[in-house]
Amino acid sequence: MSEPASISAGIAERYATAIFEIAKENKNLDGLETGVTDLAEALDASAELRDLIHSPLISRADQAAAIGAISKKMNLDPVLANALGLMAQKRRLFVVPQLIAALRAALADERGEVTAEVASAKALTKTQMEKLSKTLGAQVGKTVSINATVDENLIGGLVVKVGSKMIDSSIRSKLNSLQNAMKEVG
């Protein structure tokens, strides 16, 4: 991770922790989750919103006014709306995508869930995903949801990432290991 990305992640993590803790104290995690989902969808759908949070040309006051109007229109949870307003005043809106990811992770952790990133050479069937989810759930002791992608370069097998752990059972990695072993011998 580059230094600026690391700084952005740190800023987002601090805001996310504060927002999450306040929402938890207020017993409004469901409202927070709805707001986070709505904000993520709006960010994905609107190039203007992405420009608003990233543009250094838009003044603090204009960013704060726009974010306030957006928060009101979307009927965001007050804790999230206030945090976004504060972030606009402090010129920190550029970390909103990382904030959303951090809040989603905190909400999932609170529910005892974890997301596994799974790359496979071909699309997994529903049965395979359920089986993999159960197996991973038994390993990590949490409910596992799977975010599956297809990477044809793997040739076969899977690459599974759960948190900081990675399991690479792909044929590509086995061939690379074999190639390295042969280089050492020769």
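Everything discussed here concerns the structure shown above.
To start, this report covers the structure provided alongside it. (Residues numbered from 1 in each chain as written. Predicted model: local features only at pLDDT ≥ 70, side-chain atom pairs only at ≥ 80, totals over all residues. Heavy atoms only, no water.)

### Quick look at the overall build of the chain
Now for step 1: What the chain contains, in helices and strands, is eight helices and four strands.
Now for step 2: Mapped from its N terminus to its C terminus, the chain presents α and β elements in the order α-α-α-α-α-α-β-α-β-β-β-α.
Now for step 3: By its C-alpha atoms, the chain is 65 × 35 × 25 Å across when sized along the principal axes.
Now for step 4: Surface accessibility of the chain: about 11700 Å² in total, with carbon and sulfur atoms responsible for 54%.
Now for step 5: Taken as two groups, the 22 positive and 22 negative side-chain charges of the chain have centres that lie 2 Å from each other. (Helix = DSSP H or I, 4+ residues; strand = E, 2+ residues; numbered from the N terminus. Areas by Shrake-Rupley, 256 points an atom, 1.4 Å probe, with all protein chains shown as cover. Lys, Arg positive; Asp, Glu negative; His and termini not counted. Charge placed at Lys NZ, Arg CZ, Asp CG, Glu CD.)

### Some words on the pattern of salt bridges
Now for step 1: Counted according to the given criterion, the structure contains four salt bridges.
Now for step 2: In this structure, the salt-bridge partner of E33 is R111, at a minimum N-O distance of 2.8 Å. Placement of E33 in helix α2 (residues 29-45) and of R111 in the loop between α6 (96-110) and β1 (113-120) is noted, with a sequence separation of 78 residues between them.
Now for step 3: Residue class for E33 comes out partly exposed when judged on its relative accessible area of 28%.
Now for step 4: The class of R111 is partly exposed, set by a relative accessible area of 40%.
Now for step 5: Here K142 makes a salt bridge to D109, at a shortest N to O gap of 2.7 Å. Here D109 lies in helix α6 and K142 lies in the loop between α7 (126-140) and β2 (143-150), a separation of 33 residues in the sequence.
Now for step 6: Beyond isolated ion pairs, a larger network of salt bridges with shared partners links E33, R111 and E113. (Salt bridge = Lys/Arg side-chain N within 4 Å of Asp/Glu carboxyl O. Buried < 20%, exposed > 50% of the residue type's maximum accessible area, 1.4 Å probe, protein only.)

### Looking at the nonpolar core
Now for step 1: In terms of nonpolar packing, the biggest core is built from 34 residues, with L32, L84, V96, L99 and L103 touching the most fellow members.
Now for step 2: Broken down by secondary-structure element, the contributors of at least two residues to this core are α1 (3-25), α2, α3 (47-54), α5 (78-89) and α6.
Now for step 3: Setting aside anything within four residues of it in sequence, one finds L103 in contact with A16, I19, F20, L32, V36 and L80.
Now for step 4: Grouped together as the second largest cluster of nonpolar side chains are ten residues, V114, A116, V118 and V144 included. (Core = buried A, V, L, I, M, F, W, Y, C linked by side-chain atoms within 4.5 Å. Contact = heavy atoms within 4.5 Å.)

### Notes on the side chain of S55
Now for step 1: Note on placement: S55 falls in the loop between α3 and α4 (60-74).
Now for step 2: A polar atom in the side chain of S55 sits 3.1 Å from the backbone nitrogen of L57.
Now for step 3: In this view, S55 contacts Q63 and R91; residues no more than four positions away in its chain are not counted. (Polar contact = N/O pair within 3.5 Å; in protein donor to acceptor, adjacent residues only side chain to side chain.)

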